[in-house]
Structure formats: structure tokens, C-alpha cells
Amino acid sequence: MIHQLFSRFTALPASVYTLTFLLIILSLTGCGKESPPANVNTTASPIVKSGTPEKENGPAEKKRNSGEGRMVGDRLSGVKSASTQTPVANQEPSPFKFTDITKDTGIDFIHISGMTEKKYFPTANGSGVAIFDADNDGLLDLYFLTNCPLPVNKDTAPSNKFYRNLGNGKFKDLTSESGLGYRGFSHGAIAGDIDRDGDQDIFLATFEDNRLLRNNGKGVFEDITEKAGIKQGKYFSSGGAMLDYDNDGDLDIYVSNYGTWDIKTDDNFCGDVDNNLRYYCSPRSIKTVPHLLYRNNGNGTFTDVAREAGVGRDDGHGFGVVTADINGDGRIDIYVANDMNPNFLFLNKGDGTFEDATEFSGAAFDVKGQAQSGMGIDAEDFDGDGRFDLFVTNFANEYNTLYQNMNNNGFYDVTTFVGLSADSMPMVGWGCGLVDFNSDGWPDVFVSNGHVDNNRAGINYEQQPLIWVNVPVSGRELVVKNSGAGAAERRKRRFKIATRDVGPYFESGHVGRGVAFGDLDNDGDVDIVVNHKDAPPAILRNDTPIGKNHWIRFSLKGGKSNPDAIGARVEIQLDPENQITRQVKDGASMLSVNDRRLLIGLGEKSPIVKARIFWPSGIISDHAGLEVDKMHEIREPSGQAAVENLKIEKPK
Amino acid sequence: MDLVRQKKIRLILFAAGPLLMAMAIGWLVWIWPELTAPNKTADELAAEFDIALSTKQFRQAGIVFRQFEKVADPGDERRTMNEARLNLALKRDDRAVELLNSIAETSKMAPLARRISGQIHVRAGRIKAAEKDFLSAIRLDPTEVIAHRELIYIYGLQLRRRDLRETFEKLSRISPMRFQNVFHWCLTRGNDWEPQEIIDDMTKFLAADPTDKWSRIALARSLRRLVRLDEADKAVEPLPADDPDAASIRAQLALDRNDADKARQILKSVHSDNFDLSMMKAQMALSEGSLDEAEKQFRTAAKIDPDNRDAIVGLARVLGAVGKKDEARLYQERSTNLDKLATLVQEAARPNAEKVADLPRRLALACETVGHLPEARAWWGVMADLNPLDSEAQQAIFRIDQLLRVKKP
């Protein structure tokens, strides 16, 4: 048997090599090596020769040494023979409607990944997109990032593209005027007001050449990388998020690094040797490096304090990052999706350092303790208990994982039990969001999908995006009052796949990567922008009928707190029984920037709402009589004494 | 005309005569060894038989075997064994199995016979029968290394984690373990194989033996992972409704179809001390906010398999959530340490990890911390193999042996 399997190893492409682990066990067992047991030597006192299984290890060991993978989640795994039952079969019509308006917007960007038949590793992951208001005109502009062929040639590399929102559904290419036309290998963008001058600056996470670009307030950017002291090096950065980790009022930057990769030394052949067919290598072949935490020195310079701050772990192929108050103690935390490593959770201790709660959290691995291929990420309260749950997208044959916040006593993988497992299993998931698309007050889920290899038989390179609607279990609202300290009411909620009739975009395959969410047309719902690998992007206008549902939008401006109010928690009291908790968070999705404004769906409840805002500084402000279906710009009040011990429960 | 015919016949006879003669002589030479009485002892013939088999001279092996039969004592245990081996070489597997199983358990050949019989079953895809034979071989000879390895192959394919752990542990006692071996031991506490590959194997196994429950379960699990839900349903269909392993899969399939009510109903209908089932019940309760029920079920799971990470992590979460802080802290500590070990196992999965000098030591310490003493001992063994003078490793092995002796008097 093992001979048969080994002969398959030499005869078939690597897509079928995925049992290498098993083969190693096979070779360990010595089983099935067609060892005709008849050949076993026996003597008068039978001495069994084991059949020297080590000799059979050759092919398996060879594969291992070539850096190829073997477990579920590895780049070599695929979706061969996956079901046709998912995702659209037997579905009710979706409540969502999205229209792909890309062609009408004037956006002509096309992503270039640099992928060739050589399958250089960095060209697998694609790029992000930023939705942000670059020129402070109240309209969200778009900034698309691109990779380029490797090795990077700055003279010939395609440039990132910036489009100004003209407000009539049209966008204008202002790349050269904006100074955002970086030519190089861009993965992710991070946006925030790093100099407290009231506009959004940009950090570019790239392959070995990170950039910091300062906005002059009119949507024109200056490269201040060197001046700011941003470290250059052999880092292969993915993305990141801004946060004011030391609560000094200015924004610091967390950058996730995938690792190091050098075309001269790390370009290994992975794939079908006989047919000279290359596939992307396993992430395991990439050496991980510490991620970065740039402390804003307040004078235009930054210092990497990752190690001192306790976030200097070097064992994560970093991808998506979300910065939010995850454990409800009033301090901003960091959660990082890592590709085939445990997802990091760093809990802010409030003294300028973090507690590494990765292994404590329950959100590092899946329910069986396996590290998954973390890519996209989000933190949102899906069940209405005021606690922020965590969501991570993963590779094919894994599922996209939802970790339920257990009363701030860590997290538990409840994916299978909330309806998110089956449909996501065949897909390679990337950018994502727990976002309320129909203004009913409950976050739904969107995930962009697409495989990494475009040359494997039986594998769909282009994959459908998935969207789930958040619904009550058993069709009715059930309230659960948990017992114990810090317990809160929560609703029994689950997710239902809802891709049927959403729009043509959802009915075809794409090679999705970065995704950003924001209200591009300021009509009170969240639109979606997807940056596809080696293709034009998709601008998906949300045309979901919301019926009698209402919404409210907050644009929070920090005073004592950081200017973007990242980490501010907003509690909306709809009536004595119903409260919605949302947060200004940064990062989320993957390699992308979401609308900083907080758009909150309210359902059909009260037309007038009360809101309480917990600012990162500790200040609490109450706002009554807020009109719904409108935007409210709220500045952090000054003069009010900061409320200490805001925390709901201090983490252990 | 007649004359011509006669001449032709004569010519043919003239030409064919020597040919026939040569053939007759050749035939005599060919069968001579079988006709002549051997002038050799049974041991010599047995050795010749081994050589003939190992060099794939199966006809010669047959001749030697018949000679051996003539001179060997009627009670010589090698008679049946060698006949079985000969039949195996000649691809008469069923006859070989029959002969191998006719060897009495009291015979010193029996462990080998059972193991070979098991290997023949594996080759034919009859995994259940193979497992039975390998277990017999081990019962008869606990040092039967290959039978342990074969069982690891079976349990590995079917992801029967507890059986896998126990077999790895036994194997580690009778055979040296390399880095990769111990790594796989640790890894298989929580991994998944690529489902398509498993499906191919399990389908073959079930075709050979439709009564093989574990292959059926493994097939259903893999089909489910590929979201081939209807096929997964069919795979477990022959298993009874009260089979806890099948019930656990059926409930998962119901959840995959967004039918939580059906899942709940399935779980309620089966009462069994089964780890997977208890975990399913606990997780279902947890997802619905029934924390007391979740706690109860996690406790049941932890009682069934105290060494299983999933139950410990679950208990840590749920006890914290219901406010039983002190007890939660104990489980949380263990859960954190287990996930620290999982992080290290991921490190061991990197290419060339075996060349990272201190990794086996860190893994050994992590395993000891969480109470996975047999794995810890094996990691220390890897260290000791690398450097026989490693006193820390030697002391650790001694220390763990003492602990294990106390644990398992």
C-alpha cells in the first residue's frame, strides 16, 4: 500500500500530497509497505525483522524538507471534491441586496500581485483597500493597494491608486496629486490621525519598505518615513492598526509582520516536481519575526517598543489585526490573526504594557487546539451581551472561527453551533467583517474568498464571497441571563447563510483579498469594497431594504483621548430591555481600513435614542434625545473628571 | 504420395525426437529436487526456504518447503507458518490468513502469525479484522513493535485519538522514538487530515468490510468537512440511532444544515458516557447560554477522558462564566499550559524543527507541566539520544518513570 501511495507521490501533483503526515505515520508504522510478510525472516527462534520502516521514509521526509505542508490549513491543502451543496442550495432569499457599481464609479484600478509560475510566496496574499476621508469633505475616499512583480523594481512597479469621492457615485483618480502613488509591494494600509491635526494619515505595510505618509489636511500626503524613525528592514509586513496603547492622547501603530522572505534564499520549489508545476509553499516555510509596536513620541517620531510593551512575540505569521477593548476593562487591546500559528491576544494592563493572553484566551486555536490559518479578523458583539466576540477567517478545510466572549472569562470557539462552519469550510477566507448590513441592530458576517494557487486541478481559484444574516435561534428572541459575576444578558443568536439573490457579484467566483466596509454614499448603510487579486476591485453598494429599521451614525472626536477616539465604547439604550454596544475599533478585516465613523443599526425600536459614550480617557458622556437616521458628530467633553475603574471586570 | 508422407513423418520424428528427449530430461531435472529425498536437516531447509522467499524465488521456496515438510517433526511450528508465508508469496492471501490463524496461541509463532495476518487484512482494506489481529499479537507478545506501529497507522487514519495516544505510549516503551515520532504523537491529539485523502482510504476500507464502524465514522467526518452532507448522512446511516459516535456526527450534520432543533433532539435521545457526545452536548448548551448544563456535560467529558484538552478548556471557560472562580482558575491554568504546549507543537511542525537544539527540551518540559508524562518521557528520550551524557534528560526520564510507576502501579 505504501508503495502505491509513494508511487502516487511521484506521479501526481502535490495537490494530492496532503497526507504527508499520514505517510510519515505510515512509514513509522511500517505498515502497508507491501512488505510481503512472507519475506519476514524466521529462524528456529523467530526473530522478526521489522521491515526497516526507516528506509520507507524517503519520500515523506523529502516532502517535509522541501517545506511542504501536510495538515489541514496548510497551503497545500485544497478544496478538491468539495460539496456543491454549499452555499446557495436550499436557501431562503437573502435579506441583503448589493449592487456592484464599480464600472460606473470611474475607478479603473487593477491589482497586480506579481504572481508568476514561480509562485514567490509574498505574491499569494494580495493587498488591502482603505476607505477613509482623506480631504475632510465628509465623503469617504478610496485607496487601493497593489503588489508588483518580484524582485521589486520601483521604476516599473505599478502604483497604489487613490480615488477621491465626488459624492455623486463617481470617484476621481487623484493618485499623483495626493502623493499616495507609492510604487512597490504594498500589502496593507493603516489610517489614523497620528499628529492630531484633524486628518487621516496613512501607514503602508509593505514587503521590506514600510512607509508613513502624513496628510496636510487637504488630501495631499508627504512621506515622513525616515523622519518619523520608522524602521526599515527585511520585514514582510502585512497590515496593522492604530491604537493609543499608553493612553497619552496620540495614536500609536501596531504592525503585523508575516515574516522574512528573500528571493535569493527562500525561493523553494513546492509543488509537482515531475511536471515542473509550482504551487505556493506552506506558510511554515516562512520564518516568523517579531511584530512592531510604534510608540508615537508626540513630536513626529516613533519608536518600536514591541518588546518593552510585551507584544514582541516572534512566532506569528501576522495578517489581520483588530484593536479594541476586548475584555471590557476600558483599555485598548490587540488581537492578531496569524497564519498557522496561534492568534495573539494582548490585553492592555494600563501601564504601557500588555499581558500576553494568547494561550490564556481560548481564541488562539480552534476548538480542538489546532492553530488555524488566520487571515481576516474582527471583534464585535454578536449576541447582545455587551461583550466583544472575536471572528477570524481561515484556509480551506478549516472554518471561519467565531470565538464567543465568555463573560470576559476568555473565549470559546462556538463556530459550529452558530451556523458559521459548514459554508465556510471549502473556502479560503480573507477580508471579513461582523457588520450590520440591514440596520436591525445585529451584526451580520461578510467574508471574501479566493484560493492561493491558480494552477491546481480540481481547485477553484475563484470562490464566491459569503454573507450570513444574524438571526434569533428558533426564529424568536430568547433572552438568556447567565449567572455569575460579570454575567450579562445575551440573546440566543445564530447565523444563516444568505447569499441567494444578493446580487450578481455573489453568484460568481472571485479571488478576494482585502475588504473594507464603509458608507460610501452616506445613505445610512454599510457598503463593501473588495480588492481582488490580479483583477479590478468591486464596489458593492448596499441596497438592502431596511423596512422600518433605523440607524444612527457617530463621528467621535477625541479630546483628551486619541483624536480618532479608537477604543471608545458606545452604549445605546433603545428601551429598558434593549441595549446595543458598539466600539470605535481599528484594523479589522484584513490589510484594509474601514470607515472610522460608527454606523449603528437600531432595528425598529425607539425613534429617539440615548447614548452613553465611554471615552478611552475614562471620561463618560451621556447623550439623550438623539435623532435617528442621522449622523452626530460628538466631541469628547473636557472638564469632566475621568471616571476611574471603568472596567467591567479586570482580566486575570 | 504415401512415400512423400512417410518421409515427412520420418523427418518430423527425426527432428522432434531430440527435442522431446531434451524436454523429458529438462522435466526430470526440474522435478528432481522434489523427487529426491533431502539430505538436509529441517533447520537447513528452513533457512533455505527463507532465502528463497527473500530473493523471490517462489518456486524454489515451494520445493524447499515440500522437502522441509518431509523431514521436519510433525510438531514443528514452522510447518504452518512457512506454508502460510508461501501462500502469501503466491498471492493466496485467504489461505495464508487461514493458516496463520490456525497457529495456536500457545505457539511462540502466534504473535508473528497474528501480526502477519493483520498486515494481510490491512492490505485488503479489512481494517477491523486487522485491528483485532494486531491487538492479539500485542496481547501475546507486548513487545511486538510492528503490531504497535500498524495500530498507530489504523488509529491515525481513523483519528481515534485516545487509542492512538495509548498505542504511542506503549510503543515508546518498547522502541526508540525519533523526533518526528514524538511530534506526531503530540500532534495527533488535535489535528485533522486532509479530508479527501481520508475519504479515498475509508471508502476502500468500507468496500472491503461494510461492518467497519470506525472507518464509517472517519468517512462521515471527512465528508462533513468537505460539506458533502448528504453523503456523510449516508455513511453513518447503517449505524444504530443510539450509537453515540454516530449520534454526535448526526447532530453536527443537523447543525450544518441550520437545524438546531434536530441537533438538540438527537443529542437528547442518546445517553452514553461518550466523550464526543458529551462535548457536543456541552458546546450546544454553551452556545445557547445554558451554562449549568454546559458545565455538567464538560465535567462528564473530563471524567471520561481527563487528559483531553478540549474538555479542560471548556471547563475553564464555563466555570469562569458561572462565577466558580477558584475552580475555574485551576482549569484555566491547565488550559493555558495546554495551549502553550500547542504553540510549541506548532513550532515543531516547522521545516527542520528537529534541528532546533532546545526544542525537544522545551516540549518535554511543556508536556510535563500539563501532565502528559509519557510524551514528556519520549521528548527527554530524544534529548538523551542526541546526547547520551545529557544528565538533565536522564534524570527527567528517571523522575517520570517514578511518577508513572506511582500512577500505574
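Cut-offs applied
Residues numbered from 1 in each chain as written. Chains lettered and ligands numbered in written order. Predicted model: local features only at pLDDT ≥ 70, side-chain atom pairs only at ≥ 80, totals over all residues. Helix = DSSP H or I, 4+ residues; strand = E, 2+ residues; numbered from the N terminus. Rg over C-alpha atoms; globule rule 2.2 N^0.38 Å. Buried ≥ 20, exposed ≤ 12 C-beta atoms within 10 Å, placed from the backbone. Contact = placed C-beta atoms within 7 Å. Pairing = 2+ DSSP bridges. Axes fitted to C-alpha atoms, helices over the stretch in contact; angles between N-to-C directions. Expected span 1.5 Å × (residues − 1). Parallel < 35°, antiparallel > 145°, perpendicular 65-115°, else oblique. Left-handed = near helix turned anticlockwise from the far one by under 90°. Nonpolar A, V, L, I, M, F, W, Y, C, P; charged D, E, K, R; others polar. pLDDT = per-residue confidence, 0-100.

Side note on the overall build of chain B
Okay, so step 1: In terms of regular secondary structure, chain B is built from 22 helices and zero strands.
Okay, so step 2: The C-alpha atoms of chain B give a radius of gyration of 30 Å, which is well past the 22 Å a tight globule of 409 residues would have.
Okay, so step 3: Seen through its C-alpha atoms, chain B measures out along the principal axes to roughly 115 × 60 × 40 Å.
Okay, so step 4: By residue count, 52% of the 409 residues in chain B fall in the buried class.
Okay, so step 5: Excluding contacts between residues fewer than 6 apart, the proportion of contacts in chain B whose partners are at least 24 apart in sequence is 45%.

Describing the overall build of chain A
Okay, so step 1: Of the regular secondary structure elements, chain A holds nine helices and 40 strands.
Okay, so step 2: Sequence-distant contacts, at least 24 apart, represent 65% of the contacts inside chain A between residues at least 6 apart.

Regarding the sheet that holds strand 26 (residues 466-472) of chain A
Residues and elements named next belong to chain A.
Okay, so step 1: Taken in spatial order, the four strands line up as 24-25-26-29 in an open sheet, and their pairing is antiparallel. The sheet is open, and its two edges are formed by strand 24 (429-435) and strand 29 (493-497), each paired on a single side. Going from strand to strand, the sheet's axes swing by 20° on average, the running direction of each strand aside.
Okay, so step 2: By the bridge criterion, five bridges tie strand 24 to strand 25 (residues 444-449) in an arrangement that is antiparallel. In the strand pairing of strand 25, Leu434 is matched with Val445.

A few points about unusual backbone geometry
Okay, so step 1: The omega torsion across Leu150(A) and Pro151(A) is -5°, close enough to zero to call that bond cis.
Okay, so step 2: Tracing the chain through its elements places Pro151(A) in the loop between strand 3 (141-144) and strand 4 (161-165).
Okay, so step 3: The backbone of Asp629(A) sits at a positive phi, close to 60°, despite the residue not being glycine.
Okay, so step 4: Mapped onto the secondary structure, Asp629(A) falls in the loop between strand 39 (620-627) and strand 40 (630-635).
Okay, so step 5: A tally of 15 C-beta atoms within 10 Å means that Asp629(A) is categorised as partly exposed.
Okay, so step 6: For Asn352(B), which is not a glycine, the phi torsion comes out positive at approximately 60°.
Okay, so step 7: Looking at where Asn352(B) falls in the secondary structure, it is placed in the loop between helix 19 (325-348) and helix 20 (359-370).

What about the sheet that holds strand 21 (residues 389-392) of chain A?
Residue and element names in this part refer to chain A.
Okay, so step 1: Spatially, 20-21-22-23 is the arrangement adopted by the four strands of the open sheet, whose pairing is antiparallel. Each end of this open sheet is capped by a strand with a single partner; those strands are strand 20 (377-380) and strand 23 (411-413). Mean inter-strand twist for the sheet, computed between neighbouring axes without regard to direction, equals 20°.
Okay, so step 2: Relative to strand 22 (residues 401-405), strand 21 runs antiparallel, the two being bridged by three bridges. Within the sheet, the bridge partner assigned to Phe391 lies in strand 22 and is Leu402.

Re helix 18 (residues 309-321) of chain B
Residues and elements named next belong to chain B.
Okay, so step 1: Between its terminal C-alpha atoms helix 18 stretches 18 Å, which fits the 18 Å expected from 13 residues at 1.5 Å a residue.
Okay, so step 2: A large share of helix 18 lies buried, amounting to 13 of its 13 residues.
Okay, so step 3: At the exit of helix 18 stands Gly323, carrying a positive phi of roughly 90°.

What about the environment of Glu169(B)?
All names here are of chain B.
Okay, so step 1: Locating Glu169 in the fold gives a position in helix 9 (residues 161-174).
Okay, so step 2: According to the C-beta neighbour criterion, Glu169 is partly exposed, with 18 such atoms within 10 Å.
Okay, so step 3: Along the primary structure Glu169 and Arg79 are separated by 90 residues, whereas in three dimensions their C-alpha atoms are 35 Å apart.

Structural notes on helix 20 of chain B
Residues and elements named next belong to chain B.
Okay, so step 1: Its twelve residues place the ends of helix 20 17 Å apart at the C-alpha level, agreeing with the 16 Å of an ideal helix rising 1.5 Å per residue.
Okay, so step 2: Here helix 20 has its buried residues at Leu359, Pro360, Leu363, Ala364, Ala366, Cys367, Glu368 and Val370.
Okay, so step 3: Directly after helix 20, the chain includes Gly371, whose backbone phi takes a positive value near 85°.

Remarks on the environment of Gly603(A)
Residues and elements named next belong to chain A.
Okay, so step 1: In this fold, Gly603 is placed in strand 37 (residues 598-603).
Okay, so step 2: Among the residues examined, Gly603 registers 20 C-beta atoms within 10 Å and is labelled buried.
Okay, so step 3: As for Gly603 and Asn549, which are separated by 54 residues in sequence, their C-alpha atoms are 4.3 Å apart.
Okay, so step 4: Contact partners of Gly603, with chain neighbours within four places excluded, come to Asp440, Gly441 and Asn549.

Examining the pairing of strand 29 of chain A
Residue and element names in this part refer to chain A.
Okay, so step 1: Counting buried residues in strand 29 gives four out of five residues, a clear majority hidden from the surface.
Okay, so step 2: The sheet contact formed by strand 26 and strand 29 spans five bridges and is antiparallel. When the bridges of strand 29 are listed, Val469 appears paired with Lys496.

Quick word on the packing of helix 17 (residues 291-304) of chain B against helix 18 of chain B
Residues and elements named next belong to chain B.
Okay, so step 1: At a minimum axis separation of 9 Å, helix 17 and helix 18 run at an interaxial angle of 150°. Classified by the angle between their axes, helix 17 and helix 18 sit roughly antiparallel to one another. Crossing angle aside, the handedness with which helix 17 passes helix 18 is left-handed. For the pair helix 17 and helix 18, the contacting residues are Leu291, Ala294, Glu295, Phe298, Arg299, Ala301 and Ala302 in the first and Ala311, Ile312, Gly314, Leu315, Val318, Leu319 and Ala321 in the second.
Okay, so step 2: For the contact of helix 17 with helix 18, the class distribution of residues is eleven nonpolar, one polar and two charged.

With respect to the pairing of strand 8 (residues 211-215) of chain A
All names here are of chain A.
Okay, so step 1: Extensive coverage of strand 8 is indicated by the burial of five of its five residues.
Okay, so step 2: Here strand 8 shows a buried face lined by Arg211, Leu213 and Asn215 and a second buried face lined by Leu212 and Arg214.
Okay, so step 3: Examined bridge by bridge, strand 7 (residues 201-206) and strand 8 share three bridges and lie antiparallel to one another. By the bridge assignment, Leu204 is partnered in strand 8 with Arg211.
Okay, so step 4: The loop that links strand 7 with its antiparallel partner strand 8 comprises four residues; one of these, Glu208, has a positive phi angle of about 70°.

Considerations on the confidence of the model for chain A
Residue and element names in this part refer to chain A.
Okay, so step 1: With 81% of its residues at a pLDDT of 70 or more, chain A has an overall mean of 84.
Okay, so step 2: Segment residues 483-487: pLDDT under 50, and 14 contacts once partners within four positions in sequence are set aside and those in other chains are kept.
Okay, so step 3: Contacts for the low-pLDDT stretch residues 641-652, under 50 throughout, to residues beyond four places or in other chains number 26 contacts.

A word on the packing of helix 13 (residues 229-236) of chain B against helix 14 (residues 244-256) of chain B
Residues and elements named next belong to chain B.
Okay, so step 1: The contact between helix 13 and helix 14 brings their axes to 10 Å, and the two run at 160°. Here helix 13 is positioned roughly antiparallel relative to helix 14, judged by the angle of their axes. The two elements helix 13 and helix 14 meet at a crossing, and its hand is left-handed. Every residue of helix 14 that contacts helix 13 at Leu229, Ala232, Asp233 and Val236 is listed here: Ala246, Ile249, Arg250, Leu253 and Asp256.
Okay, so step 2: Residues of the contact of helix 13 with helix 14, tallied by class, amount to six nonpolar, no polar and three charged.

Things to note about the confidence of the model for chain B
All names here are of chain B.
Okay, so step 1: Within chain B, residue pLDDT values average 91, and 97% of them lie at 70 or more.
Okay, so step 2: Across chain B, element-level confidence peaks in helix 7 (residues 127-140) with a mean pLDDT of 97 and bottoms out in helix 1 (residues 2-35) with 76.
Okay, so step 3: Across the interface, the model reports ipTM at 0.80; the global pTM reads 0.85.

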